[in-house]
Amino acid sequence: MHLPWLIRRSARPSPCRTGMHYAIWEAITVAAMFACTEAWLVPVIQVRLGAAAHLIGFLTWVPQLAAMVIGPFAGRLIAGWGGARSTAIAAAWVQGGLTTLVAVPLLFEGWSGAPYLALALAAAAAIAGMICGIAWLSWMGDLVPEAVRGRYIGYRGRWFILTKLLFALFFMGVVKVFPYDPALAGSAGGIPPSPWGLFAIVIIGGAGRMVAAWLMGFQPAGRSRMKALPASHRTAAAGELGLSRFLRTMPATDLGRWTIVWATFNLGWFVAAPFFGAYMQASVEQGGLGLAGQPERYWLLLWTSTLVRLLMYPVAGRLVELVGPAAAMRLALPGMALLPLGWAASQDYSFLLVIEVGSGLVWSIGDCAIQAMFFGCHRDPAVRAKLIGFHAAVCSVALVVGTLIGQTLLAKRVLPPLNPADVGTFASLFILSGILRVPGVILAFRLLPRARRLDADDWRSLVERLPGGGWATEAWGEAADAVRPRRR
């Protein structure tokens, strides 16, 4: 397999190019785990093992609570475990093993502790993934050349998303053959529900993560970029002095300002974010969409946003390079804030698909901007890991608070229903989440830089990265030449 032109043309030494090839294969294999955990942990725990919908919040706030505790010490821990590369690989192996073990409670469905064991294993796997993520970002900050970070993230993201969609399609076929919803029992001519489809999905997801961990071992450590920092990054070195100094200097640093915005936004976002899957799986009588017995519709609604990201990642990555990650994030945040209102407005399936198309557009920009910001927050990998850990600790406080608010409101059902179908008050929760995201958007417009005006060449470079964009720009150029007056 050949990587995109940006990697082949990189001026990095041959070992680094080889490492990037392995990075693409690693992204392809780890996609199996994400296709499993993002779509099928909720059916395992909520539908098959019988946990209440609000308990799904534990999958979010428990790992984030761990991030809040571990984050300030992440740099020190990573250094003590042999550096970013060693830590990322070890944590990836642990995450893969724990994800595989989530299948075990499915063998003991009658046991009252089965859903809680599954929740504990899934949360522990997410904690390992959080540690792996911090170490991986620090590692890649040295490995990926600065000039092509946006496009590298975009193209790697495209391979990852494409493979994740293929795994998701395969998993949908598995649960079609082996349905899991107990409500389908006794249906005429149907296959009796069983846990075996979900069991196979979890095993494959865990195995994919472990294969990815093995492939990560072939990637080099990269070379530190310890040159003079640009003026806009110099104040980020304050993170070297500890969490308290990082907190005090946040308004004066690039990463600090971004941390303020993202933490504020996450507080509102995670009031509802952990419960969209529960909403889709909940029955109509419980106020949900009732998609547990309709795997095709569940697959399409869940992955429409991801499909759009697949198409738009190269464009988003180039946009991040042109305007900078902070300015790109400023452009995307208003859309991120408004989208939950669409889920509250209607249960119409076609309307929700349109909402997810918009979600994919804005989140493709957000994903590339966030990774690029972390890659470039400092040139010293040890300090970079520490800064990312500080950022994770601050944002985790907001995530934990937001998730606990949403979980409590959903469990107690204290929000007023917006319509007769809102039995579980999901729609009210989505409205509240959208309102609570507004302060983050306001802070983004105050603290993050405005995107510069793009010229004609910039727009051309963006259009060329759209699906079919190269052909479109070439055809437009030929048409312009044809109608342009010729000099005599």
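Above this text sits the structure in question.
Residues numbered from 1 in each chain as written. Predicted model: local features only at pLDDT ≥ 70, side-chain atom pairs only at ≥ 80, totals over all residues. Heavy atoms only, no water.

On to the overall build of the protein, then. Broken down by element type, the protein carries 19 helices and 0 strands. Put simply, of all contacts in the protein between residues at least 6 apart along the chain, 80% involve residues at least 24 apart. (Helix = DSSP H or I, 4+ residues; strand = E, 2+ residues; numbered from the N terminus. Contact = heavy atoms within 4.5 Å.)

The next subject is helix α11 (residues 254-272). Taking 1.5 Å per residue as the helical rise, α11 with its 19 residues ought to reach 27 Å, and the 28 Å between its terminal C-alpha atoms agrees with that figure. The largest bend along α11 measures about 30° and falls at Asn 266. Counting buried positions over the 19 residues of α11 gives 14, a clear majority of the element. (Expected span 1.5 Å × (residues − 1). Bend = angle between axes of the 7 residues up to and from the residue. Buried < 20%, exposed > 50% of the residue type's maximum accessible area, 1.4 Å probe, protein only.)

A separate point is the side chain of Thr 259. Along the chain, Thr 259 turns up in helix α11. Assessed through its relative accessible area of 0%, Thr 259 is described here as buried. Apart from residues no more than four positions distant in its own chain, Thr 259 is found in contact with Phe 246, Met 250, His 391, Val 394 and Cys 395.

Our next topic: unusual backbone geometry. We note that Arg 413 has phi near 55°; this positive angle belongs to a residue other than glycine. Positionally, Arg 413 belongs in the loop between α16 (381-412) and α17 (426-447).

What follows deals with the environment of Leu 117. The topology assignment puts Leu 117 in helix α6 (residues 114-143). Under the relative-accessibility criterion, Leu 117 is labelled partly exposed at 33%. Each C-alpha atom, one on Leu 117 and one on Leu 101, is 9.7 Å from the other, the two residues being 16 residues apart in sequence. The contact partners of Leu 117, leaving out residues within four places of it in the chain, are Pro 105 and Trp 111.

The next subject is the pattern of salt bridges. Taken as a whole, this structure holds 7 salt bridges when the rule is applied. Across the salt bridge formed by Lys 164 and Glu 38, the nearest N and O atoms sit 3.0 Å from each other. Here the residue Lys 164 occupies a position in helix α7 (residues 149-177), and Glu 38 occupies one in helix α2 (residues 14-48), the gap between them amounting to 126 residues. Note on Glu 38: relative accessible area 39%, which makes it partly exposed. (Salt bridge = Lys/Arg side-chain N within 4 Å of Asp/Glu carboxyl O.)

What follows covers the layout of surface pockets. Estimated volume of the second largest pocket: approximately 420 Å³. The set of elements that each furnish at least two residues to the lining of the second largest pocket consists of α2 and α16. Within the lining of the second largest pocket, the residues separate by chemical class into 12 nonpolar, 8 polar and 3 charged. (1 Å grid on protein atoms, 1.4 Å probe; cavity = no way out; pocket = protein on both sides within 12 Å on 5 of 7 lines; lining within 4 Å. Points joined across faces, edges and corners; volume = space filled by probe spheres on them. Nonpolar A, V, L, I, M, F, W, Y, C, P; charged D, E, K, R; others polar.)

Glancing now at the packing of α11 against helix α15 (residues 349-375). Two elements in contact, α11 and α15, have axes whose closest approach is 12 Å; the angle formed by their N-to-C orientations is 140°. Comparing the axis directions of α11 and α15 gives the class oblique. α15 is crossed by α11, and the crossing has left-handed handedness. Mapping the contact onto sequence places Leu 255, Trp 258, Trp 262 and Trp 269 in α11 and Trp 363, Ile 370, Met 373 and Phe 374 in α15. Per-class residue counts for the contact of α11 with α15 are 8 nonpolar, no polar and no charged. (Axes fitted to C-alpha atoms, helices over the stretch in contact; angles between N-to-C directions. Parallel < 35°, antiparallel > 145°, perpendicular 65-115°, else oblique. Left-handed = near helix turned anticlockwise from the far one by under 90°.)

For helix α14 (residues 325-345), with 21 residues, the first-to-last C-alpha span of 32 Å sits near the 30 Å given by 1.5 Å per residue. In α14, a bend of some 35° at Ala 332 exceeds every other bend along the element, and Pro 334, a proline, comes one to four places later. Counting buried positions over the 21 residues of α14 gives 15, a clear majority of the element.

Moving on, we come to the packing of aromatic side chains. With the rule as written, the count across this model stands at 21 aromatic pairs. Seen in terms of ring centroids, Trp 40 and Tyr 298 are 5.4 Å apart; in terms of plane orientation they differ by 75°. Their pairing is edge-to-face. Highlighted residues: Trp 40 in helix α2 and Tyr 298 in helix α13 (residues 295-323), separated in sequence by 258 residues. As far as burial versus exposure is concerned, Trp 40 and Tyr 298 are alike and both buried. Measuring from ring centre to ring centre gives 5.1 Å for Trp 258 and Trp 262, while their planes differ by 20°; the resulting arrangement is stacked. Of this pair, Trp 258 and Trp 262 are both found in helix α11, 4 residues apart, which corresponds to roughly one turn of the helix. The same class applies to Trp 258 as to Trp 262, namely buried. Pairwise contacts between aromatic rings join Trp 258, Trp 262, Phe 265, Trp 269, Phe 270 and Trp 363 into one cluster. Above the face of the Tyr 349 ring, Arg 297 is positioned so that its terminal group lies 4.0 Å from the ring centre. (Phe/Tyr/Trp six-rings, centres within 6.5 Å; stacked < 30°, edge-to-face > 60°. Lys NZ or Arg CZ within 6 Å of the ring centre and 35° of its normal.)

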